[in-house]
Amino acid sequence: MSSGSLGGYIVRRLTQTLPVILGVVIVNFLLLQLAPGDLATVLAGEAGGAPKEYIDELRARFGQDQPVYIQLFYYMRNLLVLDLGFSFRLGAPVLDLLLDRLWPTLLLMVATLIVSLGLGIVMGLLAALWVRTWKDTVISVAAIIVYATPLFWVGLMLILVFSIRLNWFPTSGMEDVVAFHEGWDRVVDIAHHLVLPTVTLSLFYLALYARLMRASMLEQRGLDYVVTARAKGQSERKITTRHVFRNALLPVVTMAGVQTGGLLGGSVVLEAIFAWPGLGQLAFQSLFARDYNLLLGIFFLSAVLVVIVNLIVDVIYVFLDPRIRIG
Amino acid sequence: MKTFWPRFLSNPRVFLGLVWLGLLLIVAITANQLAPIDPFAIVGRPMAAPSPEFWLGTDSLGRDVMAGLIHGTRATILIAVVATLIAVGFGTFVGAVAGYYGGLIDDILMRFTEFFQTIPSFLFAIVLIAVLTPSALNLIIAIATVSWPPIARVVRGEVLTVKSREFVQAAVLAGQGDAAILLKQVLPNTLSPLIVTGSLLIATAILVESALSFLGLGAPNVMSWGFMIGAGRSFLRQAWWLVTIPGVAILLTVLAINLIGEGLNDTLNPRLSDL
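Residues numbered from 1 in each chain as written. Chains lettered and ligands numbered in written order. Predicted model: local features only at pLDDT ≥ 70, side-chain atom pairs only at ≥ 80, totals over all residues. Heavy atoms only, no water.

Quick look at the overall build of chain B
Part 1: Each helix and strand counted, chain B has twelve helices and zero strands in total.
Part 2: Principal axes of the C-alpha set define a box for chain B whose edges measure 75 × 45 × 35 Å.
Part 3: Here chain B holds 275 residues, and the buried ones make up 52% of them.
Part 4: The contacts of chain B with a sequence gap of at least 6 include a subset with a gap of at least 24, amounting to 71%. (Helix = DSSP H or I, 4+ residues; strand = E, 2+ residues; numbered from the N terminus. Buried < 20%, exposed > 50% of the residue type's maximum accessible area, 1.4 Å probe, protein only. Contact = heavy atoms within 4.5 Å.)

Looking at the interface of chain A and chain B
Part 1: Taken together, the contacts link 49 residues of chain A with 39 residues of chain B.
Part 2: When the two sides are added together, the surface that chain A and chain B hide from each other amounts to roughly 3900 Å², 80% of it contributed by carbon and sulfur.
Part 3: Of all residues in chain A, Phe152(A), Trp153(A) and Phe299(A) give up the largest surface area on contact with chain B, accounting jointly for 15% of the area buried on that side.
Part 4: Taken together, the links from chain A to chain B amount to one salt bridge.
Part 5: One salt bridge connects Arg211(A) with Glu262(B), and the closest N-O pair in it is separated by 2.6 Å.
Part 6: Element by element, the count of residues in the side of chain A that touches chain B is highest for helix 13 (residues 292–320) of chain A, at ten residues.
Part 7: Among the residues making up the side of chain A that touches chain B, the classes are represented as 37 nonpolar, seven polar and five charged. (Buried area = accessible area lost by both parts, 1.4 Å probe. Salt bridge = Lys/Arg side-chain N within 4 Å of Asp/Glu carboxyl O. Nonpolar A, V, L, I, M, F, W, Y, C, P; charged D, E, K, R; others polar.)

Looking at empty space enclosed by the protein
All names here are of chain B.
Part 1: Per the stated rule, a full pass over the model turns up three cavities of 30 Å³ or more.
Part 2: Volume-wise, the second largest cavity comes out at about 110 Å³.
Part 3: Lining the second largest cavity we find 13 residues, and of these Asp-59, Arg-63, Val-65, Met-228 and Leu-242 sit closest to its centre.
Part 4: Those elements that provide at least two residues to the lining of the second largest cavity are helix 4 (65–101) and helix 11 (225–232).
Part 5: When residues in the lining of the second largest cavity are grouped by element, the largest group, four residues, is from helix 11.
Part 6: For the lining of the second largest cavity, the residue count by class is seven nonpolar, three polar and three charged. (1 Å grid on protein atoms, 1.4 Å probe; cavity = no way out; pocket = protein on both sides within 12 Å on 5 of 7 lines; lining within 4 Å. Points joined across faces, edges and corners; volume = space filled by probe spheres on them.)

Here we look at the pattern of salt bridges
All names here are of chain B.
Part 1: Following the criterion strictly, the structure yields five salt bridges over all chains and no others.
Part 2: With a closest N to O distance of 3.2 Å, Arg-111 and Glu-114 form a salt bridge. Of this pair, Arg-111 and Glu-114 both sit in helix 5 (residues 103–118), three residues apart, roughly one helical turn.
Part 3: Look at Arg-111 and you get partly exposed, because its relative accessible area is 47%.

Some details on the layout of surface pockets
All names here are of chain A.
Part 1: For the second largest pocket, the calculated volume is near 430 Å³.
Part 2: In terms of lining residues, the second largest pocket is bounded by 19 residues, among which Leu-113, Thr-260, Val-309, Ile-312 and Val-313 are the most central.
Part 3: Broken down by secondary-structure element, the contributors of at least two residues to the lining of the second largest pocket are helix 5 (94–129), helix 10 (236–258), helix 11 (260–274) and helix 13.
Part 4: Here the residues of the lining of the second largest pocket sort into 16 nonpolar, three polar and no charged.

Things to note about the packing of helix 2 (residues 12–29) of chain B against helix 4 of chain B
A pair of packed helices can be characterised by two numbers: the angle between their axes and the separation between those axes.
Residue and element names in this part refer to chain B.
Part 1: Relative to each other, helix 2 and helix 4 sit at 105 degrees, their axes nearing to 8 Å. The pairing of helix 2 with helix 4 is recorded here as roughly perpendicular in orientation. Listed contacts from helix 4 to Leu-24, Val-27, Ala-28 and Ile-29 of helix 2 are Ile-70, Thr-73, Arg-74 and Ile-77.
Part 2: A breakdown of the residues in the contact of helix 2 with helix 4 according to their chemical character gives six nonpolar, one polar and one charged. (Axes fitted to C-alpha atoms, helices over the stretch in contact; angles between N-to-C directions. Parallel < 35°, antiparallel > 145°, perpendicular 65-115°, else oblique.)

Considerations on a nonpolar patch on the surface
All names here are of chain A.
Part 1: Taken together, the side chains of Ile-308, Ile-312, Ile-316 and Leu-320 define a hydrophobic patch exposed on the protein surface, amounting to about 340 Å² of accessible area.
Part 2: Turning to its location among the elements, Ile-312 is positioned in helix 13.
Part 3: For Ile-312, a relative accessible area of 48% corresponds to the partly exposed category. (Patch = residues over 30% accessible without salt bridge, like charges linked within 9 Å, V, L, I, M, F, W, Y side chains within 5 Å. Areas by Shrake-Rupley, 256 points an atom, 1.4 Å probe, with all protein chains shown as cover.)

Re the side chain of Thr145(B)
Residue and element names in this part refer to chain B.
Part 1: With respect to the element layout, Thr-145 can be found in helix 7 (residues 136–162).
Part 2: A polar atom in the side chain of Thr-145 sits 2.5 Å from the backbone oxygen of Ile-141.
Part 3: When neighbours within four sequence positions are excluded, Thr-145 is seen to be in contact with Phe-116, Phe-124 and Leu-128. (Polar contact = N/O pair within 3.5 Å; in protein donor to acceptor, adjacent residues only side chain to side chain.)

Focus on unusual backbone geometry
Part 1: For Arg132(A), which is not glycine, the phi torsion reads 60 degrees and is therefore positive.
Part 2: If you trace the backbone, Arg132(A) turns up in the loop between helix 5 and helix 6 (134–147).

Topic: the nonpolar core
Part 1: Within the largest apolar cluster, 158 residues are counted, with the highest numbers of intra-cluster contacts made by Leu98(A), Phe152(A), Val269(A), Phe124(B), Ile126(B), Leu212(B) and Leu215(B).
Part 2: Ranked by residue count, the leading element in this core is helix 4 of chain B, at 13 residues.
Part 3: If near-sequence neighbours (up to four positions away) are discounted, Val269(A) is found in contact with Leu151(A), Phe152(A), Phe122(B), Ala211(B), Phe214(B) and Leu215(B).
Part 4: The next biggest cluster of nonpolar side chains, apart from the first, holds seven residues, and it includes Phe4(B), Val14(B), Val196(B) and Ile260(B). (Core = buried A, V, L, I, M, F, W, Y, C linked by side-chain atoms within 4.5 Å.)

With respect to the packing of aromatic side chains
Part 1: What the rule picks out here adds up to 14 aromatic pairs over all chains.
Part 2: A ring pair is formed by Phe115(B) and Phe116(B), whose centres lie 5.5 Å apart and whose planes are at 85 degrees; its orientation type is edge-to-face. Neither residue differs from the other here; Phe115(B) and Phe116(B) are each classed as buried.
Part 3: Every member of this aromatic cluster is reached through a ring pair, and the members are Phe299(A), Phe90(B), Phe112(B), Phe115(B), Phe116(B), Phe124(B) and Trp148(B).
Part 4: Positioned above the aromatic ring of Trp130(A), the side-chain terminus of Lys135(A) is 4.4 Å from the ring centre. (Phe/Tyr/Trp six-rings, centres within 6.5 Å; stacked < 30°, edge-to-face > 60°. Lys NZ or Arg CZ within 6 Å of the ring centre and 35° of its normal.)

Let's talk about helix 9 (residues 178–186) of chain B
Residues and elements named next belong to chain B.
Part 1: Restricting attention to buried positions, one finds in helix 9 the residues Ile-181, Leu-182, Gln-185 and Val-186. Looking down the long axis of helix 9, one finds its buried residues gathered within 115 degrees of arc, a one-sided arrangement. Exposed residues pointing more than 90 degrees away from the buried face of helix 9 are listed as Ala-179, Leu-183 and Lys-184.
Part 2: Summarising the contacts, the buried residues of helix 9 are in contact with helix 4, helix 7 and helix 8 (166–173). (Arc of directions from axis to C-beta.)

Below, the structure written as structure tokens:
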């Protein structure tokens, strides 16, 4: 496949994702209409947090005297130039707040993705190789139990055991701010804080991927091409690593892409528990400050993030599976 | 279908799941008799450890944890089941119409479904409740809003395969209306995947409900398991049971529903049961 067609594919996929972004903008606008108070007061952070001049200016800018569709047009125009408004609760533009909090959440998500995908694939592979032995049963039963466990409860239980009782890991935060670590020390400190949140968030997805990988391996193993490979005299080891494993990976990769949105949702709960200074914690705080504008900004950014990740997964997919010829 | 029940019940996982769910159902129905006191009533010393008087101890305000757990069973199950029923109803409607009519209607409805599948659903539920203000009804609306897409996709897929079969064409020739064909001919044949997906959805609904209640977005003045964990969270150091016990209840319930759902799947789609 030439690089030109890949570029064209990406552009085509991008245009397909535009309706989703547009949909989120419209949903956000409708929710702002539903929120108590008019758009300007909601945007200004309700409860009279903003000076009157600003609210008047907002009313003019959003065309409060205009019909609803004109208001929607103004709202979209502002979002188009990434003007997400101002949070009077936190005294900063929403966009700045979001960008500030984006990196901790991305760090957590990437760490979780690596741990859950890596371990999940290995666990699923082992369970499939050991199918119908006690080892398979142990892995499968563990996966079923973890799959049923509420995320926030796992987090609290891990804190109870590993932070409070054993004192191995810190209970909250992303780094020891009073220690003023620099350079390498700071990396180690953040990694130390990262362990419990990552384990918590990973467990559910680890179970999900392990179950999927096992099922996918077993399904692939029964297909005709395996019989052909065996008839050609290929060793079982080679059949597993070269053929079955690679094909079995595809549904897991798809699922990993689909789960991005869930991962972001999980990080709200998780960051609230571990006081992880990311988007989720910001969402949690804005919830109780009734800072709707900030909350909707987070929702918007998360949706954009999901769309981007799905795009990346689709591109990876094309590389993994040459059968998916673009077009 | 005659062999359904014996095969279904002979699966030990299904049996265990049904026993736990049956127990919960009894607790939920007889909650007022089992624990006649208001679960929000202060009945003893704050944070008393489990004892003969309070089997599961008391919380930070001196409320009986056992009573909370019993009344929480009712609230959690009721909210999850009602939300799932709404999601199943709406999802079936969207999926059936999309699959049956096809063409532009199918395209529009499926883009609509995909949109709801793409946006971060838990975050969307949070935003919905935050804007609509927390209440039992809004909790149900939010959970249903984020849970219907899988149902729509399953039903659409089934309708697509069923609608080209001869008995449906016969009904068309016999002059039956679209609604009658959909309701009487097509939908009954999509029941088994619908039952499997729907039952698994209840488990998801319980997890979402408890996570929302944990964050303080649950129904106010309703004792639920998630709320109990959220309330006990700050006292993890002093009273571990406040968080641990309701969490075990959620875990066992979700596990039971998943086991039953998988058992249903194995029994209704036997060719997949080897996986």
